[in-house]
Amino acid sequence: MKKLFLIPAALLFSFCSSKKDIVKNSEENKPVSKIESHCPSDGKCTIETFRGKSLIVKQDEFGSTYTQLEDNPETTVIQYQYNKNVKGDLQDANYREEVLFEIKNSTTQLNLSGNNLQQTKMLFGRFCFCRGQTGYYKIEQGNLKLSKNENNLNFTLDFTITKVPQIIKYIETSIN
């Protein structure tokens, strides 16, 4: 009887270890990014690329802007995010800023400023418990310098939003 119990137990444990290998391999395939600009010490900055996605900018019935990602093999969406550290016992204290934009996969160089930043559908998002000062806003003041080859994507962005306060004003990063 004990021998019959050992066979299913051995099979169960062998399946568990193979699942860990799959997770481990998928994490190794993520692009490596390095944020070179200063991130405020009271938070964490991250960057993520969504290859094969397009940034769709929409408005709801109240005039608020929101985004969706849609499959598009010709474009990549880049998302930079700053999340402020929050004490666990505080409600409604979350604070997040993000910058989203889209580039064509065929792009190797970009040097845009002012209203031309909208060629990339560039948006600034501010999310907090700040009535009337949260949501997405078009970035129309600033400079973007981007260079890309097969292995690396580097960009610098300095920008200003006049409609709401902002913490992040300069981003410099490279993605391998």
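Residue positions are given per chain, counted from 1 along the sequence in the order it is written. At least 70 in pLDDT is required for a residue's local features to be given in this predicted model, at least 80 for side-chain atom pairs to be given and counted, and no such filter applies to totals for whole chains, interfaces and linings, which use all residues. Computation of side-chain values: all heavy atoms of the structure, hydrogens and water removed.

Draft legend 1. Just the state of the cysteines, in detail. A pair of sulfur atoms, both from cysteines and within 2.5 Å, is called a disulfide here. A full pass over the atoms with the stated rule returns two disulfides. What pairs with Cys 39 in a disulfide is Cys 45, and their sulfur atoms sit 2.1 Å apart. What sets the handedness of the Cys 39 and Cys 45 disulfide is the S-S torsion sign, and at about 85° it is right-handed. Disulfide pairing is shown between Cys 128 and Cys 130; the S-S distance is 1.6 Å. Taking the sign of the torsion about the S-S bond as the criterion, the disulfide between Cys 128 and Cys 130, at about -135°, is left-handed. Here the protein pairs its bonded cysteines, counted in sequence order, in the arrangement 1-2, 3-4.

Draft legend 2. Here's a closer look at the pattern of salt bridges. For this analysis, a salt bridge means a side-chain nitrogen from Lys or Arg found within 4 Å of a carboxyl oxygen belonging to Asp or Glu. Evaluation of the coordinates by the stated rule reveals three salt bridges. Note that Asp 71 and Lys 53 form a salt bridge whose closest N and O atoms lie 2.5 Å from each other. Here the residue Asp 71 occupies a position in strand β3 (residues 65–84), and Lys 53 occupies one in strand β2 (residues 43–59), the gap between them amounting to 18 residues. Whether a residue is buried, partly exposed or exposed follows from its accessible area with a 1.4 Å probe, protein chains only, as a fraction of its type maximum: under 20%, in between, or over 50%, in that order. We classify Asp 71 as exposed; its relative accessible area is 60%. Two residues, Lys 121 and Glu 102, come together in a salt bridge whose shortest N-O distance is 3.4 Å. A residue pair is termed long-range when its members are at least 10 positions apart, and Lys 121 in the loop between β5 (109–113) and β6 (123–128) and Glu 102 in strand β4 (residues 95–104) qualify at 19 residues. Helix numbering and strand numbering both begin at the N terminus, where a helix is a DSSP run of H or I of at least 4 residues and a strand a DSSP run of E of at least 2.

Draft legend 3. Representation of the pairing of β6. Of all six residues in β6, five are buried, a share of seventy percent or more. Should DSSP find at least two bridges between two strands, the strands are taken to pair. Relative to β6, β4 is paired through six bridges, and the arrangement is antiparallel. Bridge pairing in β6 links Glu 97 to Arg 126. Here β6 runs beside strand β7 (residues 135–138); their pairing, made up of four bridges, is antiparallel. Paired with Arg 126 across the two strands is Gly 135, which belongs to β7. Here β6 folds back onto β7, and the loop between the two strands holds six residues, one of which, Gly 132, carries a positive phi near 75°.

Draft legend 4. Here's a closer look at the sheet that holds β7. With antiparallel pairing, five strands are arranged side by side in an open sheet as β2-β3-β4-β6-β7. With partners counted over all chains shown, the strands left at the sheet margins are β2 and β7, one partner each. With direction set aside, neighbouring strand axes in the sheet form an average angle of 25°. Only C-alpha atoms enter the line fits that serve as axes; for helices the fit covers just the stretch in contact. Angles between N-to-C directions range over 0 to 180 degrees.

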